[in-house]
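# Observations on the model geometry
Okay, here's what each chain looks like letter by letter:
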Amino acid sequence: GGLDVGRYGKLFAAGGLCATVTHGITTPIDLVKTSEQVHPGLYSDLFDGLSQIYAANGPTGLFLGFGPTTVGFLLQGSLKYGLYELIKDSIAPP
């Protein structure tokens, strides 16, 4: 019996890493979406938005907001996945 405490550190890390990577990859899409919400009609479609941002700011421009996204989803993924497993195992041990 008992909870395997070492296992949960790995689960928290895995959840944080996965959420950070997946949301980091989608940062350019979120950037276009947010820009379009603030300035409706700014882009004709997603690819136009990506092209305009790239032309104006280069490749790094596509990842504007990546830092806060990384921190937020690192915490969110870690807590969501890690706590889910911890609580699940506490309620119904494996």
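Everything below is about the structure shown above.
What you are looking at is a predicted structure, and each value in this text was computed from that prediction instead of being measured.

Our next topic: the overall build of the chain. Broken down by element type, the chain carries four helices and zero strands. Computed over C-alpha atoms, the radius of gyration of the chain comes to 18 Å, more than 25% over the 12 Å expected from 2.2 N^0.38 for 94 residues, which places it beyond the range of a compact globule. Overall, the chain is about 60 × 20 × 15 Å in size when its C-alpha atoms are taken along their principal axes. Taking contacts inside the chain between residues at least 6 apart in sequence as the whole, the part at least 24 apart equals 68%. Entry remark: accessible area of the chain is about 6,300 Å², with carbon and sulfur atoms responsible for 72%. A gap of 13 Å separates the mean positions of the 5 positive and 7 negative side-chain charges of the chain.

Relative to the elements of secondary structure, Asp89 occurs in helix 4 (residues 66-91). Note on Asp89: relative accessible area 4%, which makes it buried. A polar atom in the side chain of Asp89 sits 2.4 Å from the side chain of Arg7. Beyond its immediate chain neighbours, meaning those up to four positions away, Asp89 contacts Leu3, Arg7, Tyr8 and Pro94.

Turning next to the packing of aromatic side chains. Summed over all chains, the structure comprises one aromatic pair. Look at Phe63 and Phe66: their rings are 6.2 Å apart centre to centre, the planes differ by 85°, and that puts the pair in the edge-to-face class. Judged by its relative accessible area of 39%, Phe63 is partly exposed. Classification of Phe66 by relative accessible area gives partly exposed; the value is 35%.

Okay, the nonpolar core next. In terms of nonpolar packing, the biggest core is built from five residues, these being Leu31, Val32, Tyr43, Ile53 and Leu62. Apart from residues lying up to four places away in sequence, Tyr43 is in contact with Val32, Ser35, Glu36, Asp48, Gly49, Gln52 and Ile53.

Conventions we followed
- Residues numbered from 1 in each chain as written.
- Predicted model: local features only at pLDDT ≥ 70, side-chain atom pairs only at ≥ 80, totals over all residues.
- Heavy atoms only, no water.
- Helix = DSSP H or I, 4+ residues; strand = E, 2+ residues; numbered from the N terminus.
- Rg over C-alpha atoms; globule rule 2.2 N^0.38 Å.
- Contact = heavy atoms within 4.5 Å.
- Areas by Shrake-Rupley, 256 points an atom, 1.4 Å probe, with all protein chains shown as cover.
- Lys, Arg positive; Asp, Glu negative; His and termini not counted.
- Charge placed at Lys NZ, Arg CZ, Asp CG, Glu CD.
- Buried < 20%, exposed > 50% of the residue type's maximum accessible area, 1.4 Å probe, protein only.
- Polar contact = N/O pair within 3.5 Å; in protein donor to acceptor, adjacent residues only side chain to side chain.
- Phe/Tyr/Trp six-rings, centres within 6.5 Å; stacked < 30°, edge-to-face > 60°.
- Core = buried A, V, L, I, M, F, W, Y, C linked by side-chain atoms within 4.5 Å.

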